[in-house]
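Breakdown of the fold
Each chain, written out:
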Amino acid sequence: MKPDVTAFFDDATNTISFVVKDPMGSSCAIIDSVLDFDFSAARTDTKSADNIIAHVRENALNVEWILESHVHADHLSAAPYLQEQLGGKIGIGKNITVVQDTFGKVFNEGTEFQRDGSQFDQLFEEGDSFMIGQLRGDVLHTPGHTPACMTYVIGDAAFVGDTLFMPDFGTARCDFPGGSSEELYNSIQKILSLPDETRIFVGHDYKAPGRDAYAWETTVGEQKAKNVHIGDGADKDSFVQMRDTRDAQLSMPKLIIPSLQVNMRAGHMPEPDDEGDIVLKLPINKL
Ligand SMILES: [Fe+2]
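Described in the following lines is the structure provided in the data block. (Residues numbered from 1 in each chain as written. Predicted model: local features only at pLDDT ≥ 70, side-chain atom pairs only at ≥ 80, totals over all residues. Heavy atoms only, no water.)

The strand order across the open sheet formed by six strands is β1-β2-β3-β6-β7-β8, and the pairing between neighbours is mixed. Each having just a single partner strand, β1 (4–10) and β8 (122–124) make up the two edges of the open sheet. Across the sheet, the mean angle from the axis of one strand to that of its neighbour is 25 degrees, orientation sign disregarded. Relative to strand β6 (residues 62–67), strand β3 (residues 27–31) runs parallel, the two being bridged by five bridges. Across the sheet, Ile30 pairs through a bridge with Ile66, a residue of β6. Running over the sheet, helix α1 (residues 47–58) touches β1, β2 (15–21), β3 and β6 and is turned about 155 degrees from β1. (Pairing = 2+ DSSP bridges. Helix = DSSP H or I, 4+ residues; strand = E, 2+ residues; numbered from the N terminus. Axes fitted to C-alpha atoms, helices over the stretch in contact; angles between N-to-C directions. Contact = heavy atoms within 4.5 Å.)

Spelled out as structure tokens, the structure:
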């Protein structure tokens, strides 16, 4: 089955959110939503999420799932806001517990921060499947960028999050805590073993040399032939060396500190303090 896919591009973080609809009905899933965040003012805004809400309401869609491909480090998730407005279950990979454990330590969270994934409605593992109306989704565990990265294969479309980017841009970084370029290589091989005509929708786009427009849709066949990091049969050793060398030169994403604290809580802010204020931490020299 071929789902109807609508993409929403966020200029501030180069994130693409997707609404994936059952072609036979009104059911849909929302993948990788964005809560706008002005870091200088520490102020949130729901403009991006409201665009998705407007699309859902205009088309009278029924949101069954709000999915995260992983705990994003470059934008905050709007999942709880979308759920409050539209319903649907929030799902992520089961290894979220590993990510919660790692960043629970980095942010020195107390025992009130549960590391069991219970902030989410559904924890997926490899081989799980789920339904969006009559449309079936299958879950692949594709770690490497983070330990909890999942690829959702829905009908003929694979939502790969931050594993593969467009063929002319390459692949995702693997230098965050719990990342591994070797694991990413293996995960990518898993994605590339899907049929060549499988549509691939990527979670970010930054354009690429010689390309002026943002893009987010490609195919398995195109990735296999042309991806600048893994196409044309690149072997594991050279990929790992290339990825690690490149990652050593990358700076941290601007929103990593707020993003992790919010996204490891399924997009919820920490509990307010005694004054009723919500405060995020800024641990020094820990990332
Ligand atoms: Fe990411």
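This paragraph deals with a negative patch on the surface. A contiguous patch of negative charge, built from Asp273, Asp274, Glu275 and Asp277, is present on the exposed surface. Tracing the sequence through the fold places Asp273 in the segment after α7 (256–263). (Patch = residues over 30% accessible without salt bridge, like charges linked within 9 Å, V, L, I, M, F, W, Y side chains within 5 Å. Areas by Shrake-Rupley, 256 points an atom, 1.4 Å probe, with all protein chains shown as cover. Salt bridge = Lys/Arg side-chain N within 4 Å of Asp/Glu carboxyl O. Lys, Arg positive; Asp, Glu negative; His and termini not counted. Charge placed at Lys NZ, Arg CZ, Asp CG, Glu CD.)

Let's shift gears to unusual backbone geometry. Positive phi, normally seen in glycine, also occurs at Asp32, with a value near 55 degrees. Its place among the elements puts Asp32 in the loop between β3 and β4 (36–38). Within the chain, Ala60 stands out as a residue other than glycine whose phi angle is a positive 50 degrees. By the secondary structure assignment, Ala60 is in the loop between α1 and β6.

A few words on helix α2 (residues 79–86). The periodicity of an α-helix, 3.6 residues per turn, causes residues three or four positions apart to be oriented the same way. Within the span of α2, buried status applies to Ala79, Pro80, Leu82 and Leu86. For α2, the buried positions fall inside an angular range of 160 degrees around the axis, keeping them on one side. On its buried face, α2 is in contact with β3, α1, β6 and β7 (89–93). (Buried < 20%, exposed > 50% of the residue type's maximum accessible area, 1.4 Å probe, protein only. Arc of directions from axis to C-beta.)

Turning our eyes to something else, we now look at the coordination of the iron ion. The coordination sphere of the iron ion contains the protein donors His70 (NE2), His145 (NE2) and Asp162 (OD), at a distance range of 2.1 to 2.4 Å. Donor residues for the iron ion, ordered by position in the chain, follow H-x74-H-x16-D. Residue His145 is located in the loop between β10 (135–141) and β11 (150–154), and its partner Asp162 is located in the loop between β12 (157–161) and α4 (181–192); the two are separated by 17 residues in the primary sequence. On the basis of relative accessibility, which here comes to 6%, the residue Asp162 falls in the buried class. (Donors = N, O, S within 2.8 Å, 3.2 Å for Na, K, Ca; no water.)

Orientation of α1 relative to α2, taken along the N-to-C sense of each, is 30 degrees, at an axis distance of 10 Å. As summarised for this structure, α1 and α2 are arranged roughly parallel, according to the angle between their axes. Every pair of crossing elements has a handedness; the one defined by α1 and α2 is right-handed. Of α2, the residues touching α1 (which contributes Ala49, Asp50, Ile52, Ile53, Val56 and Arg57) are Tyr81, Leu82, Gln85 and Leu86. Across the contact of α1 with α2, the residue classes tally to seven nonpolar, one polar and two charged. (Parallel < 35°, antiparallel > 145°, perpendicular 65-115°, else oblique. Left-handed = near helix turned anticlockwise from the far one by under 90°. Nonpolar A, V, L, I, M, F, W, Y, C, P; charged D, E, K, R; others polar.)

Attention now goes to the sheet that holds β10. Sheet architecture is open: six strands sit in the order β9-β10-β11-β12-β13-β14, paired in mixed fashion. Bordering the open sheet on either side are β9 (129–132) and β14 (217–219), each of which pairs with just one other strand. Direction aside, neighbouring strands of the sheet carry axes that sit 30 degrees apart on average. Sheet topology places β10 next to β11; five bridges connect them, and they run antiparallel. Bridge pairing in β11 places Leu140 opposite Thr151. Its contacts with the sheet put α4 on β10, β11, β12 and β13 (199–202), and the angle it makes with β10 is roughly 155 degrees.

Our focus in this paragraph is the packing of α4 against helix α6 (residues 236–247). Viewed as axis vectors pointing N to C, α4 and α6 meet at an angle of 125 degrees, and their least axial separation amounts to 9 Å. For the element pair α4 / α6, the angle class is oblique. With respect to the hand of their crossing, α4 and α6 are arranged in right-handed fashion. Touching Ser181, Glu182, Leu184, Tyr185, Asn186 and Ile188 of α4 are Lys236, Phe239, Val240, Arg243 and Asp244, all from α6.

Here the structure, examined in full by the defined rule, presents 15 aromatic pairs. The interplanar angle of 45 degrees and the centroid separation of 5.3 Å between the aromatic rings of Phe124 and Phe130 together place this pair among those described as tilted. Note on accessibility: Phe124 and Phe130 belong to one class, buried. Taking 5.8 Å as the distance between ring centres and 75 degrees as the angle between the ring planes, the aromatic pair formed by Phe124 and Tyr152 counts as edge-to-face. (Phe/Tyr/Trp six-rings, centres within 6.5 Å; stacked < 30°, edge-to-face > 60°.)

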